[in-house]
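Given next are the chains, with one letter for each unit.
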Amino acid sequence: MISPILLEEDVSLDLVTKGKQSALSKIGIRIARRAGLDEQMVLRGLFDRERRGSTGIGRGVAIPHALLDMISLPVSSLTRLTPPIDFDSPDDEPVDLIHTVLWPRAAILDFLPALSQTCRLLRESRVREGLRQARSADEVVSVLFGTWSFPAISTKSQESCAGNNVDIRAFGNA
């Protein structure tokens, strides 16, 4: 579900941060401003979720997210970091690709399928490499929307971010 909620304006390339807290703060403030949301509410949601366990899924990717009462539509951003940072990922690889998602709590039933689809997409090596090589937000959106040639993504319902610290039980309180 990246495509309907990610625009070129939501892409940030080569953001420099001092670590996980710094990255979440910079990204949270930027996404809040772009969406006209209260910065503190967004930061609180992202940090509260991250305290329950890392949203790093491995292979240099993290998907910080929060379920919020005050929004009616999903909001997202994609950030590429330079240099990569420690994100407490299950594979201990530093993270350079961060897809942040704010989701309306009222639409929680749609959240898990969307998160699963996002995980599958970002676990595809050709997608990750395309995002890492992109020179503009337009190229990032092209990679994500499939205008570049890469293989179809598996849609097996069993496939998810399992084994990558994505705890489904946490979503009820995210």
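Residues numbered from 1 in each chain as written. Predicted model: local features only at pLDDT ≥ 70, side-chain atom pairs only at ≥ 80, totals over all residues. Heavy atoms only, no water.

**Q** Before we go on, may I ask you to explain the confidence of the model for the protein chain in this structure?
**A** Low pLDDT means the predicted coordinates in that region are not meant to be read closely. Per-residue confidence for the protein chain gives a mean pLDDT of 85; residues scoring 70 or more make up 81%. Low pLDDT, under 50, characterises residues 148-160; the predicted model gives this stretch 23 contacts beyond four residues in sequence or across chains. (pLDDT = per-residue confidence, 0-100. Contact = heavy atoms within 4.5 Å.)

**Q** What should I look at first to understand the packing of helix α1 (residues 20-35) against helix α2 (residues 39-51) in this one?
**A** To characterise two packed helices, one gives the angle between the axes of the helices and the distance between these axes. Viewed as axis vectors pointing N to C, α1 and α2 meet at an angle of 140°, and their least axial separation amounts to 9 Å. The angle between α1 and α2 places the two elements in the oblique class. Note that α1 runs across α2; the crossing there is right-handed. Of α2, the residues touching α1 (which contributes K20, Q21, L24, S25, G28, I29, I31, A32 and R33) are E39, V42, L43, L46, F47 and E50. Looking at side-chain class alone, the contact of α1 with α2 contains eight nonpolar, three polar and four charged residues. (Axes fitted to C-alpha atoms, helices over the stretch in contact; angles between N-to-C directions. Helix = DSSP H or I, 4+ residues; strand = E, 2+ residues; numbered from the N terminus. Parallel < 35°, antiparallel > 145°, perpendicular 65-115°, else oblique. Left-handed = near helix turned anticlockwise from the far one by under 90°. Nonpolar A, V, L, I, M, F, W, Y, C, P; charged D, E, K, R; others polar.)

**Q** Help me out: how do you make sense of the environment of L13 in this one?
**A** Locating L13 in the fold gives a position in strand β1 (residues 11-15). Owing to a relative accessible area of 25%, L13 belongs among the partly exposed residues under this scheme. Each C-alpha atom, one on L13 and one on A137, is 7.4 Å from the other, the two residues being 124 residues apart in sequence. If near-sequence neighbours (up to four positions away) are discounted, L13 is found in contact with R80, A134, R135, S136, A137 and V140. (Buried < 20%, exposed > 50% of the residue type's maximum accessible area, 1.4 Å probe, protein only.)

**Q** Any chance you could explain the packing of helix α4 (residues 125-133) against helix α5 (residues 137-145) here in plain terms?
**A** Relative to each other, α4 and α5 sit at 170°, their axes nearing to 9 Å. Judged by the inter-axis angle, α4 sits roughly antiparallel to α5. Every residue of α5 that contacts α4 at V127, G130, L131 and Q133 is listed here: E139, V140, V143 and L144.

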